[in-house]
Amino acid sequence: MSKGKVVLAYSGGLDTTVIIPWLKENYDYDVIAVCVDVGQEDDWKTIKQRALDTGAAACYVVDAREEYITEYIWPAVKANAVYEDRYLLGTSTARPLIGKILVEYARQENAVAICHGATGKGNDQVRFELAIKAFAPDLQVIAAWRDPKWNMDSREAEIKFLEDRGIPVPMKKDQSYSRDENIWHLSHEGLELEQTENEPNYKHMLKLTTVPEEAPDAGEYVTIDFEAGIPVAVNGKKMGALELMTELNKIGGRNGVGLVDICENRFVGMKSRGVYEAPGMEVLSWGLKYIYEGIMDRRSTKLFQELSKFVADQIYDGRWFDPATRAARAAIQVWADKATADVTLG
């Protein structure tokens, strides 16, 4: 007889595909896979079937795109939240929402635990667990990569785990970058990026952004309308949040905008090199930044810059639901309320 249910944050990628059979082999739980769509270009029908074929008792696909944009991206944009002056927090803004949704489904399913596949060396383990504990301190959290029963130490070992059990590997071996994608960005880690002297193989890697050398020589202008710090129109056309972000990703992407290769300081005390594709967020962030420059006096600018950095650090560290983060965002809203204008970038 099963001891209960565990909700798994399931993406359909390598880590979480491995975790389903691993949980079944090491814990006496029924696995409830929960996929949260925050704008990944994924085939959710195939991913849901993969979860079931791999042993999940059920799989839910949650369309959280609009909520992600309006409740998480827009506040980050208003704050001009940029970590270490370069990273626009694409992964960091999504994890709190995913954690909240995992709790909602754990309650719905009467689950006793939530499992995630964030590695023991990364930031996401902290982000997921802070969000989960904010809403459900009573639930057990199974962090697979930190679990004593986990005996895999690399992506190659995970691939072998699946091959040994006759489970299809959900990627090509030469494409085994560690990736995170949503409507706000696409990140890449691993392979040649592990050596800092290596140049990123952009032609092999990029999915959203034109390789800079192949971007059009002719300039392109884009006009964005903001109302109280929220973008509402592109090139004169009113758009909903999802349509607007999709359009800006297309415009920025075809012009090679928003491509960053950085070596950041992780919250857990390690360095991490990653390539980020963030075409829409780059355009949007600069647009509001120029409006703020036009409406803030010197004292406001100084205070805003301090609060902006604080909010960026809080989001990066997984403290989205922290009272201090909410307080700083409330202060920033004072300036955002005045940010109603259109801006043209080119």
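Keep in mind it's a predicted model, so treat the numbers as computed, not measured.

## Overview of the sheet that holds strand 6 (residues 178–182)
Part 1 of the argument: Strand order in the open sheet formed by 4 strands is 6-7-12-11, and the pairing between neighbours is antiparallel. The two strands at the open ends of the sheet, each matched to only one other strand, are strand 6 and strand 11 (259–265). The average undirected angle you get between the axes of adjacent strands in this sheet is 20°.
Part 2 of the argument: For strand 6 and strand 7 (residues 185–189), the ladder comprises 5 bridges, and the chain directions are antiparallel. Note that in strand 7 the partner of Arg179 across the bridge is His188.
Part 3 of the argument: Packed on one face of the sheet, helix 4 (residues 90–109) meets strand 6 and strand 7 and runs near 70° to strand 6.

## Quick look at unusual backbone geometry
Part 1 of the argument: Of note in the backbone geometry, Leu191 takes a positive phi value of approximately 50° without being a glycine.
Part 2 of the argument: On the secondary structure map, Leu191 appears in the loop between strand 7 and helix 7 (202–205).
Part 3 of the argument: One non-glycine residue, Ala228, adopts positive backbone phi at about 55°.
Part 4 of the argument: Residue placement: Ala228 occurs in the loop between strand 8 (222–227) and strand 9 (230–234).

## A closer look at the packing of aromatic side chains
In this description, a pair of aromatic rings is defined by centroid distance and the angle of the planes.
Part 1 of the argument: Applying the stated criterion to the full structure yields 13 aromatic pairs.
Part 2 of the argument: Seen in terms of ring centroids, Tyr87 and Tyr316 are 6.0 Å apart; in terms of plane orientation they differ by 85°. Their pairing is edge-to-face. Of the two residues, Tyr87 is situated in the loop between helix 3 (65–78) and helix 4 and Tyr316 in helix 10 (residues 298–316); the sequence distance between them amounts to 229 residues. Taken individually, Tyr87 and Tyr316 each receive the classification buried, so the pair is uniform in this respect.
Part 3 of the argument: One aromatic cluster in this structure is built from Trp22, Tyr27, Tyr29, Trp145 and Trp150.
Part 4 of the argument: Over the aromatic face of Tyr27 sits the side chain of Lys149, whose NZ or CZ is 4.3 Å from the ring centroid.
Part 5 of the argument: A cation over an aromatic ring shows up here: Arg165 above the ring of Phe161, its NZ or CZ 3.6 Å from the ring centre.

## Let's talk about the nonpolar core
Part 1 of the argument: The biggest cluster of nonpolar side chains holds 74 residues, and the ones touching the most others in it are Tyr68, Trp74, Leu284 and Tyr292.
Part 2 of the argument: If you tally residues by element for this core, the top one is helix 4, at 8 residues.
Part 3 of the argument: Setting aside residues no more than four positions away along its own chain, Tyr68 makes contact with Val38, Ile73, Gly90, Thr93, Ala94, Leu97, Asn182, Ile183 and Trp184.
Part 4 of the argument: Among the nonpolar cores identified, the runner-up in size contains 30 residues, and Leu23, Tyr29, Trp44 and Trp150 belong to it.

## What to know about the pattern of salt bridges
Part 1 of the argument: Tallied over the full model, the rule gives 20 salt bridges.
Part 2 of the argument: The partner of Glu109 in a salt bridge is Lys5, and the shortest N-O contact between them spans 2.9 Å. In this pair, Glu109 is assigned in helix 4 and Lys5 in strand 1 (residues 4–9), connecting sequence segments 104 residues apart.
Part 3 of the argument: Taking relative accessible area as the criterion, Lys5 reaches 28% and is therefore assigned partly exposed.
Part 4 of the argument: Lys237 is paired through a salt bridge with Glu243; the nearest N and O atoms lie 3.2 Å apart.
Part 5 of the argument: The network of salt bridges with shared partners includes Arg95, Asp124, Arg127 and Asp180.

Reading the values: the criteria
Residues numbered from 1 in each chain as written. Predicted model: local features only at pLDDT ≥ 70, side-chain atom pairs only at ≥ 80, totals over all residues. Heavy atoms only, no water. Pairing = 2+ DSSP bridges. Helix = DSSP H or I, 4+ residues; strand = E, 2+ residues; numbered from the N terminus. Axes fitted to C-alpha atoms, helices over the stretch in contact; angles between N-to-C directions. Contact = heavy atoms within 4.5 Å. Phe/Tyr/Trp six-rings, centres within 6.5 Å; stacked < 30°, edge-to-face > 60°. Buried < 20%, exposed > 50% of the residue type's maximum accessible area, 1.4 Å probe, protein only. Lys NZ or Arg CZ within 6 Å of the ring centre and 35° of its normal. Core = buried A, V, L, I, M, F, W, Y, C linked by side-chain atoms within 4.5 Å. Salt bridge = Lys/Arg side-chain N within 4 Å of Asp/Glu carboxyl O.

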